[in-house]
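# Survey of secondary and tertiary structure
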Amino acid sequence: MSGYPALPEGIAYGGDYNPEQWPEEVWREDVRLMREAGVNLVSLGVFNWSMLEPAEGVYDFDRLDRIVELLHSWGIMINLATPTSSPPTWFRTAHPGARLVDREGHVIAGGTRHSFCPSSPEYATASQRLAERLAERYAGHPAIAMWHVHNEYGWANARCYCETSAEAFRDWLRERHGDVAALNAAWGTTFWGLTYGSFEEVEPPRLALPGQLTALQLDYARFSVEAHIANFRRERDTIRRFGDQPVTTNFMIANCVAMDYWRWADEVDVVSNDHYLEAVRAENHIELAMAADLTRSVAGGRPWMLMEHSTGAVNWQPRNLAKRPGEMRRNSLAHVARGSDSVLFFQWRASRHGAEKFHSAMLPHAGTDSDLWRDVVALGAGLRGLAGLRGSRVEAEVALVWDWESFWALELEWRPSVDLRFRERMEAYYEALWREHVTVDFARPGDDLSAYRMVVVPSSYLLTEAAGKNLRRYVEAGGHLVVSYFSGIVDENDAVHPGAPPGALRDVLGLTVEEFHPLPENGTVPVGDDGLTGRIWSERVRLAGARAVHAFTGGPDAGHPAVTRHELGAGTAWYVATALDPSPDRAPGVPEGFRDLDRAPGAGVPEGRRDPGDPGDPGDPGDLGGPAGDTGTGAERDLRALLRAVLDLAGVSRPRGLPDTLELVRRGRHLFLINHGEEPVTVPEVSGTGMLDGAAYTGSATVPAGGVTVVEPAGDA
Ligand code: GAL
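Every value quoted in this text rests on a predicted model; they were computed, and no experiment measured them.

## Brief notes about the site of the ligand
Near the ligand lie 13 residues; those nearest to it are Arg 113, Glu 152, Glu 308, Glu 356 and His 359. A distance of 2.8 Å is found between an oxygen atom of the ligand and a side-chain nitrogen or oxygen belonging to Arg 113. The contact in question runs from an oxygen atom of the ligand to an N or O atom on the side chain of Glu 308, over 2.8 Å. Bound to the protein, the ligand loses 100% of the 310 Å² it would expose on its own. Of the pockets mapped on this structure, the ligand occupies the largest pocket.

Below is the structure:
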């Protein structure tokens, strides 16, 4: 890793800059307005391959040279892109073998970006050659703060099914499995007699009749991630030969299913992410918070960069709603609160041509006499006040387990129910914790979890035996674990763990599941005596050490456990055998098809702090009404109430009595208060200085409706 970008000012502000779309006189207006808005970093040339290399091997850096000098002369730093996500038309023409082929065997046409095969040797050569030319020319330039390789690996070409990819896949399989007998054993090919005689017989998981080997599909998903990473590495290593600026590529952490960003994180010098809201979704700021927490976690807790988001509407949703007043500011500051050291947008100036002309920008078609421009200028000014935040970290006491392999595996065909969706449960648990004002990290199931007071496993269908043991060790050492249904079912090859489910979690949960009883569409099942309602799932739990906290009171498993608790070593493991919702009468949103582009298939907590006798001990944690003094109403006896009981048992600190429209996050010493509600909120016990407005707070802070307050505590507070 080459270190962290050396930007001139604290929080980087700016966006994608595509000057090749404009005549030169517009560039001069651009830089002047950039300064007016407080822009200090632009991602330059993300899509300018055809400008730099108009014909194969013919280079023309003249315009780029002039743009770089212009930006430099105005003191604007550059995040220089390699434009390799959009090869020129000459590349398609000269190298037809490098064209992307979809699962149905269609050769994907040109006229848009990304339409190349990630395993193509011709693409590898051409992209590396261009990266080399760029690096040798610009790596020494003082305006280049960092490198932005490619754009959103896997955006639309996550998996290619051409013959070149098939060959590369076979090589990858040889490496992974050694010999074909091992492959057959791992994939369980005796089923339906699908045994392979040699690696040559293996085809990619192209369009097939139902029932295609799921282990084949999973391995193809893994192989495809590695193919993209190999492309990134080639460019990154080429650039590193010429300079030591940090190299990144923009992830799509919450919106792209096909990449495993835990794998990617090790490859970049700084993690950067693009985030777009699903505009029509209610309370979509909760999903934003989840994406930001996941990005920070993938970055290993280090500060990260928000590489793209939007000032207003995007252009690719069915109805592209504009942001409401104040929303761009709230969104931007929420990313910063959760660890981003930048606020960058797609894009600087709205395009006149092409597919994205109705996408918002920092400088809209309407120009500078617009509310949007005034908001952009005001945000830039506000961010200057936050310079001191740069580099500081966010601490969390709770972790959610997120594993992309499990995501892929769960959503392959022929599961017990189509309602089993990875993000559905993930978002339900995240939302319940968000409403409790709990900041969470995300973790892999095999990670060292000992720093967390509480670990939640909302959806880990695929869980290796080793990961199951890791979770057991975590509980035995005093951790508090909450597991949702249909977790710990299969191993890395999608084979059911031997014995009764959940094989990888039987011991830690102290139970077995005799039979699954998924519910009919929109079906519900009553749980306990307090009006809890389960959706999606019911199952027959047999206790083997755990005790029932609640039973199903109706449905196929009436009288059998629905929520259980297992004391193990110094900790507890909870199990929830149905889909409880995060707030009364509200199922979490399921981002149906939302950018689902290729549906696939901290510091240690001292031991004593996990003591159930800590303040906040709810007494009998079987009571889901929350701790004494917390006025949980009957209607709140839902997933949130369950988690509240475990949070208290685990001694997780959090404010009480605040409305759940207020987002509260600590970054380093600073307190972010983001009011998503329509009423002002007064937060007690706040003293210090408002970093955005210089206000002095002595004892409390009132955050206006829709407003954001960032408080730097007085002294060492
Ligand atoms: C991103 C992409 C940008 C732009 C943006 C529009 O996925 O990186 O180039 O297309 O979406 O929302």
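## Quick look at the sheet that holds strand β24 (residues 696-703)
Reading across from one edge, β21-β22-β25-β23-β24 is the order of the five strands in this open sheet, with antiparallel pairing throughout. Of all the strands in the sheet, just β21 (662-667) and β24 have a single pairing partner and so form its edges. Neighbour-to-neighbour, the strand axes of this sheet turn through a mean angle of 35°, independent of strand direction. Both strand β23 (residues 681-690) and β24 contribute to a ladder of eight bridges, which runs antiparallel. Bridge pairing in β24 places Thr 689 opposite Ala 696. Along the sheet, helix α11 (residues 327-337) contacts β21, β22 (670-675) and β25 (708-713); its crossing angle with β22, the most-contacted strand, is approximately 150°.

## Observations regarding the packing of α11 against helix α12 (residues 371-384)
One way to put it is that α11 packs onto α12 with a least axis distance of 10 Å and a crossing angle of 30°. Considering their axes alone, α11 and α12 lie roughly parallel with respect to each other. Every pair of crossing elements has a handedness; the one defined by α11 and α12 is right-handed. Each of Met 328, Arg 329, Ser 332 and Leu 333 in α11 lies in contact with α12, whose residues at this interface are Asp 375, Val 376, Leu 379 and Leu 383.

## Quick look at the layout of surface pockets
Roughly 1,100 Å³ of volume is contained in the largest pocket. Contributing to the lining of the largest pocket are 50 residues, with Phe 47, Thr 112, Arg 113, Ala 355 and Glu 356 lying nearest its centre. Contributions of two or more residues to the lining of the largest pocket are made by α2 (49-52) and α4 (89-94). For the lining of the largest pocket, the residue count by class is 17 nonpolar, 21 polar and twelve charged.

## A look at unusual backbone geometry
Cis peptide bonds are those with omega within 30 degrees of zero, and the linkage from Phe 346 to Gln 347 qualifies with -5°. Relative to the assigned elements, Gln 347 resides in the loop between β9 (340-345) and α12. Its identity is not glycine, yet Glu 152 carries a phi of approximately 50°, on the positive side. For Glu 152, the location among the structural elements is in the loop between β4 (144-149) and α6 (163-177). Phi at Phe 486 is positive, roughly 55°, even though this residue is not glycine. Note that Phe 486 resides in the loop between β13 (480-484) and α16 (506-509). The buried category is assigned to Phe 486, whose relative accessible area is 5%.

Rules of the game
Residues numbered from 1 in each chain as written. Predicted model: local features only at pLDDT ≥ 70, side-chain atom pairs only at ≥ 80, totals over all residues. Heavy atoms only, no water. Near = heavy atom within 4 Å. Polar contact = N/O pair within 3.5 Å; in protein donor to acceptor, adjacent residues only side chain to side chain. Areas by Shrake-Rupley, 256 points an atom, 1.4 Å probe, with all protein chains shown as cover. 1 Å grid on protein atoms, 1.4 Å probe; cavity = no way out; pocket = protein on both sides within 12 Å on 5 of 7 lines; lining within 4 Å. Sits in = over half its atoms within 2 Å of the grid points. Pairing = 2+ DSSP bridges. Helix = DSSP H or I, 4+ residues; strand = E, 2+ residues; numbered from the N terminus. Axes fitted to C-alpha atoms, helices over the stretch in contact; angles between N-to-C directions. Contact = heavy atoms within 4.5 Å. Parallel < 35°, antiparallel > 145°, perpendicular 65-115°, else oblique. Left-handed = near helix turned anticlockwise from the far one by under 90°. Points joined across faces, edges and corners; volume = space filled by probe spheres on them. Nonpolar A, V, L, I, M, F, W, Y, C, P; charged D, E, K, R; others polar. Buried < 20%, exposed > 50% of the residue type's maximum accessible area, 1.4 Å probe, protein only.

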